[in-house]
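The primary structure of each chain is shown beneath.
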Amino acid sequence: MSTTIPKPTARPVTPVGILAKKLEAIVQKINQRTDLPAELVDNITQAWQLAAGLDPYLEEYTTHESAALTALAEKTSNEAWQERFSEGATVRPLEQEMLSGHVEGQTLKMFVHMTKAKRVLEIGMFTGYSALAMAEALPKDGVLVACEVDPFAAKVGQAVFDKSADGQKIRVELGPALETLDKLVAAGESFDLVFIDADKKEYITYFQKLLDTNLLAPSGFICVDNTLLQGEVYLPTQQRTPNGEAIAQFNRAVALDPRVEQVILPLRDGLTIIRRIA
Ligand SMILES: C[S@@+](CC[C@H](N)C(=O)[O-])C[C@H]1O[C@@H](n2cnc3c(N)ncnc32)[C@H](O)[C@@H]1O
C-alpha cells in the first residue's frame, strides 16, 4: 500500500534545465561581488534568463493537458519512489523525473494525429503518462500496447486508465520489453507509431527488432526519448555515463542505417523522430 509523502522536487534532467540551474548558481555568486564589470554581469544574467525562461514559456503556450494526465502526473510526483524500491515494491529504481510530461506528451499526441496512427506501441510505460497522452489522440478503435517491466508502476498507470475512456484503448504488457517484442512478432502484430523510452542500453536492440520484423509497419514512425541524455552525447566523452555511451552509440547506429531517415529534436531531453524508408 503506497503512502503519500511530502512532495519531492524534480531535479533538472534536460540539457536546458541543467544549463539553467548552473547559470543560476553563477548568477547568485556574481551578485555577491561588486568588483565585476557590469557588462559581464549583464551578459551572464541574460544567459541565465534565456535558459531558465524556455521551459516555462513552452508549458504556458502549449495546449493544456487533460485532467486525467494532470492527475497521473501528480500521483507520480507524490509517490515515494526511493522507499518503494528499498522495500522491494518496484523491481528497479524509479523516479518521478522519468515521466515525460506536458509538452512532450502533447508533442506525441500531435504525432499520433499527424500520422493518423491507429496502432501505437510504447516501449517503457512507467506510470503511463505518454501512453495515455497518445491514447487520447487515437481514434475510438485505436490500440496502444504499452510494455513495462515494473508491476508497481504499471499498476499506478492501470488504475488511471481504468477510469478514463481513452485508457480503454491501452493494453499493458508486463515483462521485459525484448520478450514482449518477440511475443508481438510471433502474434503478427504491427504498429504505425512506436515510442521507445525504456532501457537506454537496449535501445539499439529495440530499434533493430522493429526494423528487422514487421513490428514497424511499412512507412511507420519511431519516436525515441532521451537521445541527448542530458547533453552527454555531445559533451567530452570522459563525462559520459554508461547510459550516455549507450545513447551515443544508438544515435550513430540510426544515422548509419540506410533503412531510415531521422531528425533529433532538442525537445526536453532529446526526441528523435525516425521514418522507415525501406
Ligand atoms: C523513462 S520511463 C518511461 C516514461 C514514460 N514513457 C512516460 O513518458 O511517462 C522508463 C520505463 O521503462 C521501464 N523499463 C526499463 N527497462 C525495461 C525493460 N527492459 N522492459 C520493459 N520496461 C522497461 C522502467 O521500468 C520505466 O518504468
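Residues numbered from 1 in each chain as written. Predicted model: local features only at pLDDT ≥ 70, side-chain atom pairs only at ≥ 80, totals over all residues. Heavy atoms only, no water.

An unreviewed UniProt entry annotates the protein as SAM-dependent methlyltransferase originating from Nostoc linckia z8.

Our next topic: the nonpolar core. Within the largest apolar cluster, 36 residues are counted, with the highest numbers of intra-cluster contacts made by Val 112, Val 120, Leu 144, Ile 170 and Cys 223. Of all the secondary structure elements, the ones that give two or more residues to this core are α3 (67-78), α5 (102-115), α6 (129-137), β2 (143-148), α7 (151-162), β4 (191-196) and β7 (271-276). Ranked by residues supplied to this core, first place goes to α6 with seven residues. With sequence-adjacent residues up to four places away left out, Val 120 is seen in contact with Val 112, Met 134, Leu 138, Val 143, Leu 144, Val 145, Phe 191 and Leu 193. Within the second largest apolar cluster, 28 residues are counted, among which are Phe 191, Val 194, Leu 216 and Val 254. (Core = buried A, V, L, I, M, F, W, Y, C linked by side-chain atoms within 4.5 Å. Buried < 20%, exposed > 50% of the residue type's maximum accessible area, 1.4 Å probe, protein only. Helix = DSSP H or I, 4+ residues; strand = E, 2+ residues; numbered from the N terminus. Contact = heavy atoms within 4.5 Å.)

Residue position: Thr 14 is located in the segment before α1 (15-30). Its relative accessible area of 8% is what places Thr 14 among the buried residues. A distance of 3.0 Å separates a polar side-chain atom of Thr 14 from the backbone nitrogen of Gly 17. Excluding residues within four positions of it along the chain, Thr 14 makes contact with Asp 55, Arg 268 and Asp 269. (Polar contact = N/O pair within 3.5 Å; in protein donor to acceptor, adjacent residues only side chain to side chain.)

We now examine the pairing of β2. Where burial is concerned, most of β2 is hidden: five out of the six residues are buried. Direction of pairing for strand β1 (residues 119-123) relative to β2: parallel, over a ladder of five bridges. For Leu 121, the partnering residue across the bridge sits in β2 and is Val 145. For the crossover from β1 across α6 to β2, the handedness is right-handed. Where β2 meets strand β3 (residues 170-174), five bridges bridge the pair, whose relative direction is parallel. Along β3, the bridge assignment pairs Cys 147 with Glu 173. (Pairing = 2+ DSSP bridges. Right-handed = clockwise from strand over helix to strand, strands pointing away.)

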